[in-house]
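So you can see what is in the structure, the chains are spelled out below.
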Amino acid sequence: MEEVPKRLSTKIPVRINSNAALVTDTNKAAAAIDRQRARKQDEKEPSSRKPELGPLQGADRLDLVPTPWDLLSVFARATTLARHGRGRGLAEHWQGLKCCQAMANGPSGHLALTEDGQSPELSYRAMQARELGRAFGLAVAERTVRNRFPDHMVSPLDAEAILLAGFARSGPRPSLGARPRLDFFIEAWRPNEPSRVFVVTVNGNHQKATKRTVKADRSAFKQLARGSERAEHFHLAEWNSTPCL
C-alpha cells in the first residue's frame, strides 16, 4: 500500500519531440495518403487538412515532468462528463492503476515502458497505447495553452460530450477510417472576455517500427497527418482560423 502512492507521486520526465523534421515527415505521410486516395478515386469530398503545420515553440517544447497522478487527473477531468455507467468508475480506476504499472524511469532517466507495459495482453496493448497516448498528448496540449494564457482558466473538455448537444450522429459511430471527430476542446477563459478555444486531437501509438519501415508507412506520421484533418474538418468560424494542437 505504501509503494503505490509513492509511485503515483514520483515525477518522471517525458521527452517532447516537436521539431521541423517531425513536420516534414508528417507532410510526407500526408502526401502518401492523398496519393492513395487519388488512386482509389472514391473520396466523396476533398480532405480538409491544415495547410501549414508547425512545431511547438519555446517553453512548450521542454520536457514534460508529470507524476502518474498528474496524467490521470488531466485525463479524468477531460472525460468525466462523457463517461457513464455504474461499474465504469471502478473499472477505470483499475485500468488507471494498470497504466501506472506500465510506466517507470528508463535507462536514460526519462519515462519508459516497464516489462509489463511492453508485453501486455493483445487486447490490452491497443487500449494502453490509446489511453496513455491521450493522457500524455492532452497534458502537453493543456500545458501549451496555459503557457500562452497564464492568467486564464484552462479547461480540457471531451469533444463528444459537447458535440452531442447539437451535432448528434445520424447513424452508427463511424470507424477511424471514416470521418472521425476531434477528441477534445481546450478552453482558455477569463471573466468579461470571450473564450479562446483550441481543437485537440491525440493518438497513442504501439507500432513496432523497424529499419525497413519507411517513414511514409510509420503509423505515428500517419496519425499526425490524419489528426490535422480531424482538427480542420470541424472548425469554428472561417476555414483554417481555429487553432489546433
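Read on for an overview of the structure. Throughout this description, residue numbers start from 1 for each chain and increase along the sequence as written. For a predicted model such as this one, the threshold for reporting local features is a pLDDT of at least 70, and the threshold for listing and counting side-chain atom pairs is 80 or more; totals across whole chains, interfaces and linings nevertheless cover every residue. Hydrogens and water molecules were not included; the side-chain quantities draw on all heavy atoms of the structure.

## Structural notes on the overall build of the chain
- Elements are defined by DSSP. Helices are runs of H or I of four residues or more, strands are runs of E of two residues or more, and each kind is numbered from the N terminus. Along the chain, the regular secondary structure elements total eight helices and five strands.
- Listed by position from the N terminus, the elements making up the chain come as α-α-α-α-β-β-α-α-β-α-β-β-α.
- In the chain, 74% of the contacts between residues at least 6 apart in sequence involve partners at least 24 apart.
- Areas reported here follow the Shrake-Rupley algorithm with a probe of radius 1.4 Å; residue values treat only the protein chains shown as occluding. Surface summary for the chain: the accessible area is close to 15,400 Å², and the carbon and sulfur share equals 55%. In what follows, a contact means two residues having at least one pair of non-hydrogen atoms within 4.5 Å.

## Quick word on the sheet that holds strand 4 (residues 184-189)
- Strand pairing requires that DSSP identify at least two bridges connecting the strands. Spatial ordering of the open sheet is given by 3-4-5, a layout of three strands whose pairing is antiparallel. A strand with exactly one partner marks an edge of an open sheet, and here the two such strands are strand 3 (153-158) and strand 5 (196-200). The mean angle between the axes of side-by-side strands here comes to 20 degrees, regardless of whether they run parallel or antiparallel.
- Of the strand pairs in this sheet, strand 4 and strand 5 are connected by five bridges, and their pairing is antiparallel. Residue pairing for strand 5: Glu187 is matched across the bridge by Val197.
- Seen against the sheet, helix 3 (residues 68-79) touches strand 3 and strand 4 and runs at an angle of roughly 65 degrees to strand 3. Here, axes are lines fitted to C-alpha atoms. For helices the fit covers the stretch in contact, and angles between N-to-C directions go from 0 to 180 degrees.

## Overview of helix 3
- For a helix, the expected span equals 1.5 Å multiplied by the number of residues minus one. Taking 1.5 Å per residue as the helical rise, helix 3 with its twelve residues ought to reach 16 Å, and the 17 Å between its terminal C-alpha atoms agrees with that figure.
- Summary of the burial criterion: residues with accessible area below 20% of their type's maximum are buried, those above 50% are exposed, and those between are partly exposed, where the area comes from a 1.4 Å probe applied to protein chains only. Where helix 3 is concerned, the buried positions are Pro68, Leu71, Val74, Phe75, Ala78 and Thr79. Along the axis of helix 3, the buried positions cluster into a sector of 135 degrees, meaning they face one direction only. Arc, as used here, means the arc of the directions from the helix axis to the C-beta atoms.

## Notes on the packing of aromatic side chains
- Within 6.5 Å between ring centres, the rings of Phe, Tyr and Trp (the latter by its six-membered ring) count as paired, and their orientation is classed by plane angle as stacked under 30 degrees, edge-to-face over 60, tilted in between. Across all of its chains, the model carries one aromatic pair by this definition.
- Note on Phe149 and Phe198: the rings are 6.1 Å apart at their centroids and 65 degrees apart in plane angle, and the pair reads as edge-to-face. Note that Phe149 is positioned in the loop between helix 6 (122-148) and strand 3 and Phe198 in strand 5, a separation of 49 residues in sequence. Assigned by exposure class, Phe149 and Phe198 land together as buried.

## Focus on the nonpolar core
- Definition of nonpolar core: a set of buried residues of the types Ala, Val, Leu, Ile, Met, Phe, Trp, Tyr and Cys, connected through side-chain atoms within 4.5 Å. With 25 residues, the main nonpolar core has Val145, Phe184 and Ile186 as its most contacted residues.
- For this core, the secondary structure elements donating two or more residues are helix 3, helix 6, strand 4 and strand 5.
- Among all residues touching Val145, those that are not within four sequence positions of it are Val154, Ile186, Ala188, Phe198 and Leu245.

## Topic: a positive patch on the surface
- On the surface, a cluster of positive charge is made up of Arg35, Arg39, Lys40 and Arg226.
- Of the residues forming the positive patch, the biggest block, three residues, is contributed by helix 2 (residues 20-40).
- Its location among the elements puts Arg39 in helix 2. Note on patches: the residues involved have over 30% relative accessible area and no salt bridge, like charges join within 9 Å, and the nonpolar side chains Val, Leu, Ile, Met, Phe, Trp and Tyr join within 5 Å. For this document, the term salt bridge refers to a Lys or Arg side-chain nitrogen within 4 Å of an Asp or Glu carboxyl oxygen. Charged-residue counts in this description rest on Lys and Arg as positive and Asp and Glu as negative, His and the chain ends being excluded. The atoms used to mark charge sites are NZ of Lys, CZ of Arg, CG of Asp and CD of Glu.

## Structural notes on unusual backbone geometry
- You will see that Ala237, though not glycine, has its phi angle at about 65 degrees, which is positive.
- Here Ala237 lies in the segment after helix 8 (219-233).
- If you check the backbone angles, Asn240 has positive phi at about 65 degrees while not being a glycine.
- With respect to the secondary-structure elements, Asn240 resides in the segment after helix 8.

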